[in-house]
Amino acid sequence: MSELKIFVDVSESSTNKVVICQENATKLHVSNGTSIEVENPDNAKKINAVVEISNMVLDFAAQISKNIVDALEFSGVELILRPVSSTGLAPPKLQIPKVPSPRPVPVPQPQVRSATDSSLTPLPTPPPQMAPSRPMPQPRAAPLPQIPPEPATQPTPISQPFQPPMPQPTPPPAPKPTQASIPQVTPMPRPPSPTPQPQMVPTPPPQQVPPMPGQDMGIEAPSPTPYSNQIDIYTLQNQKGGIILNPIVDNGIEGGKIQLSSTVIQQLGLAPGLLVAWEDPLTRSVGSARVSQALINPTEIRMSRDTKQDTNIQAQQIVVYSTEPPIQKASEMMLEVQSQPNLLGYCLVSPRTQYTLSINQDDVLAFEDELTGAIGAAKAEILESAPNNTIIIDSEILEASGIGSFEVKVYKNLRPIIPLQSVSLGINPISGENMWEIISTARQNVDSLKGWLSNYIIFKGIKLRWNAVNIACSILNTTPDLTGDILAQITENTTINLTPTGLIPFNAILIIDISRSMMARDVFVTNIAPAIEGIKAAMESREIQEFLKNFKAGINIPRRISAAFAAVLFLSEKVGRGFGEKVSVIRFADEAQILPFQEGYYMDSASGKKGVLEEAARLIVDRIGNAYGQSTNMGQAMVKAYQVLTEFNRISPNQPSMIILLTDGVPTDGDDFFKAIKMFADNPNVVIYIVGLGNPDDELMTRAAQLCGGEYFKPEDAGELLIWYSKRARDLTVKLKAHKE
């Protein structure tokens, strides 16, 4: 073969070298250290280089030094290689006699042919100890044949016993001459062969018999390869059904993983996170790792240096193949159930489950107990170490769902997840008894609380534990309601109400507007019978009994009368609890005044003195129900409340306090009201509620209440007002917003 077109593997570690395999060297009639011509077929540029033969190079490629590639301005795929003579010219083509080619000799023994056999059919090879059967000339000393530096261009006649010239490589055996005459012999190069030929070396046969005229030279077996089990890479590829890739070391890849391009991953029928294997055709060593997808060349497999060394990769190309069974897409599948705590609302599945159900990270998976019909849902997290036939579910979600089977039906949730407008959480400590401390902690970590809750898919009956802050909570009610199998989620816009599930003593400050507008008669009396009967049973004084006669069903009463009744009902509930809670009452119009209770500024619900409640009720009816002013100085009223709160904190530090402001208008003291509100905003032990009658500034009141963990409430009638006050006397609920002002 005069030339060879071959793929290029650029080598930056050598200069002026072309490294090829022995088979290609034989085809080009070159050996180690000889010159070879390299041509770029795209621009016809040529350059000479030095040949190096290596069994580490594949038969379709050559390692060519980078300086050669640069000199040829090579940017394609293949280069042309051809041998050159010492003068830089290609060697002439040798004339090959038109004689049948003998069968290749399997062992390095001379063949014996009949002198008159025109068909040149080989005879059986004699044993190694025996001399050839044909007549032999008398032995004489003769020098061993020498390898000429270059092949002779013309053969010369032979007049003496033949000393055969040694072409490189040695040609096949020539036809045996007759005894009568010895013809002239033209050296023959090896004819092209699709399979590698044994290397011919210019040494005598093993018997050390001097070569006879026209006698074939012996054949030496090729030197043994260091990889006795090596296999052709294409054969290996067919066996494994894989892809041939170049292993590239990347120290940025963590151990136990490899990187493939998306194209290769698809060709192998894999997906990120699944297992892939490879085999080296030289060492026959195998390795495996989990796949990660990367923007890399589709001819490469990237791995860490440790992975390459640990799996003994020596070849420049390896066969990469999948060890996973084919993934079959499905809309649902049965999986075994494992429970694990502290998964923060997630369930864990394997990458194989991920691709079977066509889900992504954070998609919602629903799971159903086919025996009981119990259902639950959770966000999916893909975990490579999760077993393929298992779903690992947060223990709290599993418990709340009521699933008791060892196997559940799992499917991607396709129903809409409803965002909740509001949710009321019953709060209690996981350990210990200080429930208000838990409420205060939650108030100071609103964003963290919402972030924690947003991990969970909310369904009816779910109970959660936030171990980091010692909080256990249950869903009391939501807007909209959770009915049936509706799934919902808490968002940053969800209003959260925190209600202690146990009894918490708290003090209270009632602030009541007595401005002239509070005399308006527009509060409709309805649904107040239970409140009337409760007050009558607790108080027998004539003043209170006369006061209650104002509340006849079906009529409208003045705002100030309904406000006074609400305050009396609040005090009655506090005394009934018996926790020693303190209640202070402030009225305001042109100025703010603290009502005196037995020469003090608050009523002690557990004072034990006879008639304490009735005395407080008569004071409220007299000072609020029968009085009025002109202005609505809310700012001044809030300053008074701050003074009372300071005294409460002095008497009972860290005990929570509730402030309820009732008004029917807008502040007449400008920005003083909102400035005063901000004094309470950062106090975790205070909750401010605001009740609006008539036509107050709804937007301002809402902002003020939300800033301090409370709510703005606007009752439709007297019944709603009294029920609300009665509930507030027993229930310290804190409202949380995602964003404070």
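Residues numbered from 1 in each chain as written. Predicted model: local features only at pLDDT ≥ 70, side-chain atom pairs only at ≥ 80, totals over all residues. Heavy atoms only, no water.

### Here we look at the overall build of the protein
Here is the rule we go by: Secondary structure counts use DSSP, requiring at least four H or I residues in a row for a helix and at least two E residues in a row for a strand, with both numbered from the N terminus. Buried means the residue's accessible area, taken with a 1.4 Å probe over protein chains only, is under 20% of the maximum for its type, while exposed means over 50%, and partly exposed covers the values in between. Contacts are residue-level and defined by heavy atoms, with any inter-residue pair within 4.5 Å sufficient. Throughout, the Shrake-Rupley method with a 1.4 Å probe supplies accessible areas, and for residues the shown protein chains are the sole cover considered.
Check the secondary structure of the protein and you find 17 helices and 34 strands. For the protein, with 741 residues in total, the buried portion stands at 47%. Considering only intrachain contacts with a sequence separation of at least 6, the fraction spanning at least 24 residues in the protein is 78%. As presented, the protein carries roughly 36,700 Å² of accessible surface, and 51% of it is formed by carbon and sulfur atoms.

### Let's talk about the packing of aromatic side chains
Note the cut-off: Here is the rule: rings of Phe, Tyr and Trp (six-membered ring for Trp) pair when centre to centre is within 6.5 Å. Planes less than 30 degrees apart are stacked, more than 60 are edge-to-face, and the remainder are tilted.
Inspection of every chain in the model, using the stated rule, returns 15 aromatic pairs. Between the aromatic rings of Phe-547 and Phe-551, the centroid separation amounts to 5.4 Å while the plane-to-plane angle is 70°, which identifies the pairing as edge-to-face. We note that Phe-547, like Phe-551, is buried. Aromatic pair Tyr-689 and Trp-724: ring centres 5.7 Å apart, planes at 80°, arrangement edge-to-face.

### Re the sheet that holds strand E3 (residues 35-39)
Applicable threshold: When DSSP locates at least two bridges between a pair of strands, those strands are taken to pair. As a rule, the C-alpha atoms of each element are fitted with a line to give its axis, helices using only the stretch in contact, and angles between N-to-C directions run from 0 to 180 degrees.
Overall, mixed pairing links the 6 strands, which are arranged E1-E5-E2-E4-E3-E6 in a closed barrel. Pairs of neighbouring strands in the sheet enclose a mean axial angle of 45°, with direction left out of account. Here E3 runs beside strand E6 (residues 78-83); their pairing, made up of 4 bridges, is antiparallel. Its bridge partner being in E6, Ile-36 is matched across the sheet by Pro-83.

### Some thoughts on the sheet that holds strand E8 (residues 257-260)
Reading around the circumference, E7-E11-E8-E10-E9-E12 is the order of the 6 strands in this closed barrel, with mixed pairing throughout. The average angle at which neighbouring strand axes cross in this sheet is 45°, direction not considered. Relative to strand E10 (residues 286-293), strand E9 (residues 275-279) is paired through 5 bridges, and the arrangement is antiparallel. Opposite Ala-277, over in E10, you have Ser-288 as the bridge partner. Packed on one face of the sheet, helix H3 (residues 233-240) meets strand E7 (243-249), E9 and strand E12 (318-322) and runs near 5° to E12.

### A look at the confidence of the model for the protein
What counts, and what does not: Looking at any residue, its pLDDT shows the predictor's confidence there, from 0 to 100.
Here the protein averages 80 in pLDDT, while 79% of its residues score no lower than 70. For the protein, per-element mean pLDDT is lowest for strand E34 (residues 734-736), which scores 80, and highest for strand E31 (residues 657-663), which scores 96. Every residue in residues 86-219 is under pLDDT 50, and counting partners more than four places away or in other chains gives 119 contacts.

### Some remarks on the nonpolar core
Put simply, the rule reads: The set of buried Ala, Val, Leu, Ile, Met, Phe, Trp, Tyr and Cys residues whose side-chain atoms join them within 4.5 Å is what this entry labels a nonpolar core.
Of all hydrophobic cores here, the largest spans 110 residues; its most connected members are Ile-391, Leu-498 and Tyr-725. If one sorts the elements of this core by residue count, helix H12 (residues 559-577) sits on top with 10 residues. Setting aside anything within four residues of it in sequence, one finds Ile-391 in contact with Leu-335, Glu-336, Val-337, Gln-338, Cys-347, Leu-348, Val-349, Phe-367, Val-408 and Val-410. With 30 residues, the next largest nonpolar core counts Phe-673, Val-686, Ala-704 and Cys-708 among its residues.

### Focus on the pattern of salt bridges
Basically, it comes down to this: By definition, a salt bridge exists where a carboxyl oxygen of Asp or Glu is found within 4 Å of a side-chain nitrogen of Lys or Arg.
Under the criterion given, the structure shown has 29 salt bridges. Notably, a salt bridge pairs Arg-302 with Glu-300, separated by 3.1 Å at the nearest N-O pair. Linking Asp-363 and Lys-412 is a salt bridge whose minimum nitrogen-to-oxygen distance equals 3.7 Å. Highlighted residues: Asp-363 in the loop between helix H6 (351-356) and strand E15 (364-368) and Lys-412 in strand E18 (residues 407-412), separated in sequence by 49 residues. Linked by salt bridges that have partners in common, Glu-3, Glu-37, Glu-39 and Arg-82 make up one network.

### Observations regarding the environment of Leu-453
Along the chain, the position of Leu-453 falls in helix H9 (residues 446-453). Ignoring sequence-local partners within four residues, the contact set of Leu-453 consists of Leu-425, Leu-464, Ile-490 and Ile-496.

### Structural notes on helix H10 (residues 529-538)
The periodicity of an α-helix, 3.6 residues per turn, causes residues three or four positions apart to be oriented the same way. Under the convention used in this document: Here the arc refers to the set of directions running from the helix axis out to each C-beta atom.
Within H10, the full set of buried residues consists of Ala-531, Ile-532 and Ile-535. Down the axis, H10 shows its buried residues gathered within 100° of arc, on one side only. Relative to its buried face, H10 has exposed residues pointing more than 90 degrees away, namely Pro-530, Glu-533 and Ala-537. Buried residues along H10 sit against helix H11 (542-548), H12 and helix H17 (718-730).

### Some points on the side chain of Ser-54
Among the secondary structure elements, Ser-54 is positioned in the loop between strand E4 (46-53) and strand E5 (61-65). Excluding residues that lie within four positions of it along the chain, Ser-54 makes contacts with Val-19, Ile-20, Cys-21 and Gln-22.

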